[in-house]
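So you can see what is in the structure, the chains are spelled out below.
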Amino acid sequence: MIGMPAKRPPIPLSRERIIDAALEIADAQGLRRLTMRRLGDALQVEAMAIYHHVPGGKEALLDALAQHVTTVSVDPAGLPAWRDLAGAWCRAGRAALLAHPGVLALAMTKPPRGSAAAAIREQTQQLSDAGLADAPAAVRALRSYVFGSVAVELQQTGWADPRTEHVSGDPEGDAAFERGLSALLTGLAGS
């Protein structure tokens, strides 16, 4: 037929596309609203098509979301001091978690696997190479601080409370994070 616009082929389904769409749903509506059917609708596919790319169903999808958000990386070039390097890791972790508040609870409760576990090993090695004495214990403390501070920061915004008007960000968030980080790094230097 002449004059009819060509129909664009659908965007191929991929694990990355599925994770991105699931993050959008979780961040906008919360994890409780993330269902395979809703995800399929968002991707314009039958929910069963998702299982081809995410074998293991919703539990595997939740694991993938936690892994995606907690996998951060820092280039140690130009950060020779362990304090600078540790600060860069913490800021990268905070940014990733704040970008996806809908999966914070998952990130806090799912054990690190795959790329997330590899990132923790990388962080530990980098800090050890930079001269931090007990790098594994330090990484644990730093991760605990990042998760806890992000949780408190999100509480301040009202993000998870449907009865309050959401604030786009905690105006004191950056300063409070940096104060706490500085105190933690000072404590790690003294240990």
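Computed from a prediction, not measured in an experiment: that's the story for all the values here.

Cut-off values and rules
- Residues numbered from 1 in each chain as written.
- Predicted model: local features only at pLDDT ≥ 70, side-chain atom pairs only at ≥ 80, totals over all residues.
- Heavy atoms only, no water.
- Helix = DSSP H or I, 4+ residues; strand = E, 2+ residues; numbered from the N terminus.
- Buried < 20%, exposed > 50% of the residue type's maximum accessible area, 1.4 Å probe, protein only.
- Contact = heavy atoms within 4.5 Å.
- Core = buried A, V, L, I, M, F, W, Y, C linked by side-chain atoms within 4.5 Å.
- 1 Å grid on protein atoms, 1.4 Å probe; cavity = no way out; pocket = protein on both sides within 12 Å on 5 of 7 lines; lining within 4 Å.
- Points joined across faces, edges and corners; volume = space filled by probe spheres on them.
- Nonpolar A, V, L, I, M, F, W, Y, C, P; charged D, E, K, R; others polar.
- Salt bridge = Lys/Arg side-chain N within 4 Å of Asp/Glu carboxyl O.

Mind laying out the overall build of the protein, listing which residues take part and the relevant values?
Helix and strand counts for the protein stand at nine helices and zero strands. The order of helices and strands in the protein, counted from the N terminus, is α-α-α-α-α-α-α-α-α. Taken across its 191 residues, the protein has 39% of its residues classed as buried. If you take every contact in the protein between residues at least 6 apart in sequence, the share linking residues at least 24 apart comes to 69%.

Help me get a handle on the nonpolar core, residues and values and all.
Leu39, Leu65, Leu127 and Leu142 are the most contacted members of the largest nonpolar core, which totals 51 residues. Of all the elements, helix α8 (residues 135–157) adds the most residues to this core, at nine residues.

Can you explain the layout of surface pockets? Please cite residues and give values.
In this structure, the second largest pocket spans a volume of roughly 220 Å³. For the second largest pocket, the full set of lining residues is Ala107, Met108, Lys110, Pro112, Ile120, Thr124, Pro136, Val139, Arg140, Arg143, Ser144 and Phe147. Elements supplying a minimum of two residues to the lining of the second largest pocket: α6 (104–109), α7 (114–129) and α8. Of the residues forming the lining of the second largest pocket, the biggest block, six residues, is contributed by α8. Partitioned by chemical class, the residues of the lining of the second largest pocket number seven nonpolar, two polar and three charged.

If you had to explain empty space enclosed by the protein to someone new, which residues and values would you point to?
The tally for this structure, following the rule as stated, stands at two cavities of 30 Å³ or more. Of the voids in this model, the largest cavity is the one considered here, and its volume is about 170 Å³. Every residue lining the largest cavity is counted, 15 residues in all, and those nearest its centre are Thr70, Val72, Trp89, Gly93 and Arg143. Where the lining of the largest cavity is concerned, the elements lending two or more residues are α4 (57–70), α5 (82–99), α7 and α8. Among the elements that make up the lining of the largest cavity, the one with the highest residue count is α5 (five residues). Considering only residue class, the lining of the largest cavity consists of eleven nonpolar, three polar and one charged. Here the second largest cavity defines a volume of roughly 90 Å³. Lining the second largest cavity are Asp63, Ala66, Gln67, Thr70, Ala107, Lys110, Pro111, Pro112, Arg113, Ala116 and Arg143. With four residues, the single largest contributor to the lining of the second largest cavity is α4. Broken down by class, the residue content of the lining of the second largest cavity amounts to five nonpolar, two polar and four charged.

Pulling in residues and values, what's your account of the side chain of Gln123?
Looking at the element boundaries, Gln123 is found in helix α7. With sequence-adjacent residues up to four places away left out, Gln123 is seen in contact with Trp89, Val139, Leu142 and Arg143.

Describe the pattern of salt bridges, with residues and values.
A complete count under the given rule lists six salt bridges for this structure. For Lys110, the salt bridge goes to Glu59, with nearest N and O atoms at 2.2 Å. Pair noted here: Lys110 is in the loop between α6 and α7 and Glu59 is in helix α4, with a separation of 51 residues, a long-range link. With a relative accessible area of 17%, Lys110 lands in the buried category. On the basis of relative accessibility, which here comes to 46%, the residue Glu59 falls in the partly exposed class.

Shape is all these values report; function is a separate question.
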